[in-house]
Amino acid sequence: MYTVVLITAPDRENGKKIARHLLEKRLASCVNMTPTSSTYWWEGKIEEAEEVLLIVKTTSDKVNDLVKEVKTIHPYQVPEIIALPVVAGYAEYLRWVERETHA
């Protein structure tokens, strides 16, 4: 019923743009953003980058639309968008997630 989506972005400005877009579309109830260092394979070689990690709280029925929206505004050719199920949590908080994404 509830999902946490992880999205990396190249910098704080892009992260804020993505977060605000998802909130305005009611595809997320809350987005946390934190700096992170990434090491990954890209086009046959290992790359390193300073990025921001978005931690998006939403409901499971919003994930497909969320992915579509992120792809339209994300600057990366292949953005990281990974959805993880929430198996338990504080009931009041989860009800709030539901209300804010279905308003």
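Here we summarise the structure given alongside this text. Being a predicted model, the structure only gives us computed values, none of them experimental.

Scoring rules and cut-offs
- Per-chain numbering applies: the sequence of each chain, read as written, is numbered from 1 onward.
- This being a predicted model, a pLDDT of at least 70 is required before a residue's local features are given, and a value of 80 or more before pairs of side-chain atoms are given or counted; all residues contribute to the totals for chains, interfaces and linings.
- Just so you know, side-chain values use all the structure's heavy atoms and leave hydrogens and water out.
- Strands are runs of DSSP state E lasting at least two residues, helices are runs of H or I lasting at least four, and both sets are numbered from the N terminus onward.
- C-alpha atoms define the radius of gyration, and 2.2 Å times the number of residues to the power 0.38 defines the globule rule.
- When a residue's accessible area, from a 1.4 Å probe over protein chains only, is under 20% of the maximum for its type it is buried; when over 50% it is exposed; and in between it is partly exposed.
- Pairs of residues are marked as contacts when any of their non-hydrogen atoms sit within 4.5 Å.
- Classification of ring pairs rests on two measures: the distance between centres of Phe, Tyr or Trp rings, Trp counted by its six-membered ring, which must be within 6.5 Å, and the angle between planes, read as stacked under 30 degrees, edge-to-face over 60 and tilted in between.
- Here, a strand pair is defined by DSSP locating no fewer than two bridges between the strands.
- To obtain an axis, a line is fitted to C-alpha atoms, over the contacting stretch when the element is a helix, and the angle between two such axes runs from 0 to 180 degrees between their N-to-C directions.

**Thoughts on the overall build of the protein**
Helix and strand content of the protein: three helices and four strands. Tracing the protein from N to C terminus, the helices and strands come up as β-α-β-β-α-β-α. Taken over C-alpha atoms, the radius of gyration comes to 14 Å for the protein, in line with the 13 Å a tight globule of 103 residues would show. Reported as C-alpha extents along the three principal axes, the dimensions of the protein are approximately 45 × 25 × 20 Å. Within the protein, buried positions represent 34% of all 103 residues. Considering only contacts in the protein between residues 6 or more positions apart, those separated by 24 or more positions represent 72%.

**Section: the packing of aromatic side chains**
Throughout the structure, instances matching the rule amount to one aromatic pair. Between Tyr 93 and Trp 96, the aromatic rings sit 5.3 Å apart at their centres with planes inclined by 45 degrees, giving tilted as the arrangement. On the criterion of helical spacing, the pair formed by Tyr 93 and Trp 96 is a turn pair, its members being three residues apart in helix α3 (residues 91-101). The class of Tyr 93 is partly exposed, set by a relative accessible area of 33%. The class of Trp 96 is partly exposed, set by a relative accessible area of 27%.

**Remarks on the environment of Ile 81**
Topologically, Ile 81 is positioned in strand β4 (residues 81-85). What makes Ile 81 partly exposed here is its relative accessible area of 21%. Between the alpha carbons of Ile 81 and Val 67 there is a distance of 6.9 Å; along the sequence they are 14 residues apart.

**Notes on the pairing of strand β1 (residues 2-9)**
Counting buried residues in β1 gives six out of eight residues, a clear majority hidden from the surface. Across eight bridges, β1 lies against strand β3 (residues 45-59) in antiparallel orientation. Bridge assignment links Thr 3 to a residue of β3, and that residue is Thr 58.

**Focus on the sheet that holds strand β2 (residues 30-42)**
The four strands lie next to each other as β2-β3-β1-β4, forming an open sheet whose pairing is antiparallel. Edge strands, defined here as strands with exactly one partner in the open sheet, are β2 and β4. Geometrically, the sheet is characterised by an average inter-axis angle of 30 degrees between neighbouring strands, direction not taken into account. Sheet topology places β2 next to β3; 13 bridges connect them, and they run antiparallel. Across the sheet, Asn 32 pairs through a bridge with Ile 55, a residue of β3. Along the sheet face, helix α1 (residues 12-24) touches β1, β2 and β3 and points at about 130 degrees away from the line of β2. The strands that α3 touches are β1, β2 and β3; relative to β3, the one it contacts most, it runs at about 90 degrees.

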